[in-house]
Number of protein chains: 2
Amino acid sequence: MGIIVQKFGGTSVADAEKIRRAAQKAIDTQQQGNQVVVVASARGKQTDQLVADAMELNPNPPKREMDQLLSTGEQQTVSLLAMTIDAMGHKAISMTGGQIKMITDSVHTKARIKSIDGDLIKSHLDDGNIVIVAGFQGVDENKNITTLGRGGSDTSAVALAAAIGGDCEIYTDVDGIYTTDPRIFPQAVKLEQISYDEMLEMASLGAGVMHGRSIEFGKKYNVTIHVRSSGENKTGTLITHEVPKMEGILVSGATIEKNLAKITMLGLDNHPGNAAKVFAHMAQAKVSVNDIIQTEISKEKANLSFTVNKSDLDEAKKAAEAIKADVNCESVFCRDDIAEISVIGVGMRTHCGVAEMMFSALAKKKVNIDSITTSEIRISCIVDQNQAESALKTVCLAFELDKPVEERSYTE
Amino acid sequence: MGIIVQKFGGTSVADAEKIRRAAQKAIDTQQQGNQVVVVASARGKQTDQLVADAMELNPNPPKREMDQLLSTGEQQTVSLLAMTIDAMGHKAISMTGGQIKMITDSVHTKARIKSIDGDLIKSHLDDGNIVIVAGFQGVDENKNITTLGRGGSDTSAVALAAAIGGDCEIYTDVDGIYTTDPRIFPQAVKLEQISYDEMLEMASLGAGVMHGRSIEFGKKYNVTIHVRSSGENKTGTLITHEVPKMEGILVSGATIEKNLAKITMLGLDNHPGNAAKVFAHMAQAKVSVNDIIQTEISKEKANLSFTVNKSDLDEAKKAAEAIKADVNCESVFCRDDIAEISVIGVGMRTHCGVAEMMFSALAKKKVNIDSITTSEIRISCIVDQNQAESALKTVCLAFELDKPVEERSYTE
């Protein structure tokens, strides 16, 4: 018995049949003695259609108006869900972001949540309602409608769970988080649980199940997030705070990121402030930079590399060429035939040898490593794109990501 | 120079081309030195589609949820219109009913407006914006979204014009109000102006250009309503307070209402309170009664007839049969093969002989009159449905409704 926030994404409410299934899930959860809040996204391709309608009239629409437009998709879903639950003989009430006072800042199309009126939701719950809340949307202090950006409904759900003290279930078309992408490594196994930090690294490295901001919210406000299938009724993956058991696992997951390009600036003056100059310039050019690697090549000179999304490559290259003379860089070169393979695990904090295991596995398969970056719980290697998938498989086998945790040989 | 509220119905914003045309009209009006508020309906068949989506999930959806759902159609139109005006290089801001604080009562699907925050709209106008307001919708005092029912966007527009002291233009697919339905009487002519009272009678008798409530609002708050074509740029029909000139016109328009049925209760006891009993019973059965005719047939007995919408006939008949014994009525009979022909004109207040002109025109054409009702500015005859259209034409010719007012022979 408790409060459960269930989030249904666009594919989980795409048609009448799926809306009924989501409604039934909420009813079942209530019947088991819980209070239930549902957070829903726009149906299937509705958002795409609205974007197309807008683009036909204005290829560069004002963001406030875009939010006003797109927020209707979620509003439609929640009212339809409430009607469906009513038709099934149970009490439901739909709420927009404005109605639950999901107050955000005024940064349209990627607003951040400032506060939520949990009391209003609780009073509707106490009246016996299943409360259906439009995801992805809020209002600023002047009642302008805002949206939370990509993955925003996940963030709505986790933030709501935080505001009313509930657990959060994310229903999706996969049945949980896997050790790696099963489309590339079919032996991948479903994780029972994963820490917020690991999931954040996975999310930022292209494991697209959940958006990073919702996980940050979960971590900050201590909300357990259960990622599970909207089609089947079985346990998925719990995203939680780190528990001691997790440290016994060397590597929780591995990812592949293909949508990368790399810029290298050779032999630039290794003066304080030169790197800052380069990245200030990139920021001005609206290029989002991922990993940065700098190495000294002499007392005066260094090589500076960084990765960007492929779509930003042209802009990044232009910006690098423009700043080149300023930092006395000898030459700039780019690669877009690369991919990044990463392993992630909080176990790395306490175990040595993970990097060595990864590199020797790649060496055995004759995968050339272009560059390496690490964080406290992650090791990433940039490799040739045409070797990337086999590199991922090799790494997965080396860390036994095809086996449940308890069957792995190196688990403590 | 003034404030003009322009209302565009669903057909006037049905596609990108029409949205651009509406945007251009608003811009042109602003360029002529006016402050412009646009009120828009949902695009084309959007509302029908949403209703169909709802019906698939719940054939009897909760009205609050229906309002939550349907209001998205107008919200989409206003944001698209604002984007379009922006693309054309002018300032615009879209507003939902909630955002302009269009406060209504809580009677979902047919709410009534209680107040509007005109100051907010004025401040956006003073900033140089064309303000685009979602028609048909408001919010109650608990922020539940409400809708105003059929023709609601007209009411929104007139109410807004009243709140901010502007004139109101209703853009539609006809170019004004005609003396009668041109599909039946092609020689019908466009009226230059018509009084609120006449328009109210026309509206209630099935001339579907505008909904009665918006006209009541115009009358109450002294808003001049200009009904005109969204396709052409010419003057339409002004709905205004009565001016002396109007009294010189015997008949302003004629209408035909085919969607009628008539219930007659024969020989009921003519006791005080019996008619009240009958109509209380009808109200309980949710039957909406139009005209009522009662005639004494003896010291103790009377015949009571009333018309209802055809769709209410079954319910009305059942209700009449149920109350029959209670009022000692001898028998009940119904007709659904009838239509009502009416002539309307404030001139009737000061001119005699209109009724006689109408009856003798019908007699000449051998049209049998089933029954007659009148109001201060209207005479209605119920006739056989198969004679109804020729009856309308006859009446139109008798009152010269094929001629502009100044060419008519009996005009003072």
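In the block above lies the structure referred to throughout.
Just so you know, these numbers come straight off a predicted model, no measurement behind them. (Residues numbered from 1 in each chain as written. Chains lettered and ligands numbered in written order. Predicted model: local features only at pLDDT ≥ 70, side-chain atom pairs only at ≥ 80, totals over all residues. Heavy atoms only, no water.)

(A) Local environment of helix 5 (residues 152–164) of chain B. For helix 5 of chain B, spanning 13 residues, the distance from its first C-alpha to its last is 18 Å, which sits close to the expected 18 Å at 1.5 Å a residue. If you check which residues of helix 5 of chain B are buried, you get B:Gly152, B:Ser153, B:Asp154, B:Thr155, B:Ser156, B:Ala157, B:Val158, B:Ala159, B:Leu160, B:Ala161 and B:Ile164. (Helix = DSSP H or I, 4+ residues; strand = E, 2+ residues; numbered from the N terminus. Expected span 1.5 Å × (residues − 1). Buried < 20%, exposed > 50% of the residue type's maximum accessible area, 1.4 Å probe, protein only.)

(B) Spatial organisation of the relation of the copies chain B and chain A. Least-squares fitting of chain B to chain A yields an RMSD of 0.2 Å, with the superposition described by an axial translation of 0.1 Å and a rotation of 179°. In short, the pair behaves as if placed about a two-fold rotation axis. Among all C-alpha atoms of chain B, that of B:Thr72 lies closest to the rotation axis, at 2.7 Å. Most of the interface of chain B is mirrored in chain A, where 100% of its interface residues are also at the interface. (Least-squares fit on C-alpha atoms with pLDDT ≥ 70 in both. Contact = heavy atoms within 4.5 Å.)

(C) Expanded view of the sheet that holds strand 12 (residues 237–240) of chain A. Residues and elements named next belong to chain A. Read from one edge to the other, the open sheet built from eight strands follows the order 3-6-2-1-9-11-12-10, with strand pairing classed as mixed. Strands at the two margins of the open sheet, each flanked by one partner only, are strand 3 (92–95) and strand 10 (193–195). In this sheet, neighbouring strand axes are inclined to one another by 20° on average, regardless of whether the strands run parallel or antiparallel. Relative to strand 2 (residues 35–40), strand 1 (residues 3–8) runs parallel, the two being bridged by six bridges. Of the residues in strand 2, the one forming a bridge with Ile 4 is Val 36. Of the strands in this sheet, strand 1, strand 2, strand 6 (130–134), strand 9 (167–172) and strand 11 (225–229) touch helix 5 (residues 152–164), which is tilted by about 175° from strand 1. (Pairing = 2+ DSSP bridges. Axes fitted to C-alpha atoms, helices over the stretch in contact; angles between N-to-C directions.)

(D) Inspection of helix 6 (residues 196–204) of chain B at higher detail. Burial analysis of helix 6 of chain B places eight of its nine residues in the buried class, the great majority of the element. Looking only at helix 6 of chain B, the buried set comprises B:Tyr196, B:Asp197, B:Glu198, B:Met199, B:Leu200, B:Glu201, B:Met202 and B:Ala203.

(E) Region of the structure containing the nonpolar core. Core analysis: the biggest nonpolar cluster contains 44 residues, and B:Val37 and B:Ile239 have the highest contact counts within it. The element contributing the most residues to this core is helix 5 of chain B, with six residues. Counting residues in each nonpolar core, the second largest holds 41 residues, with A:Ile93, A:Ala157, A:Leu200 and A:Val227 among its members. (Core = buried A, V, L, I, M, F, W, Y, C linked by side-chain atoms within 4.5 Å.)

What is shown is where atoms sit, not what they do.
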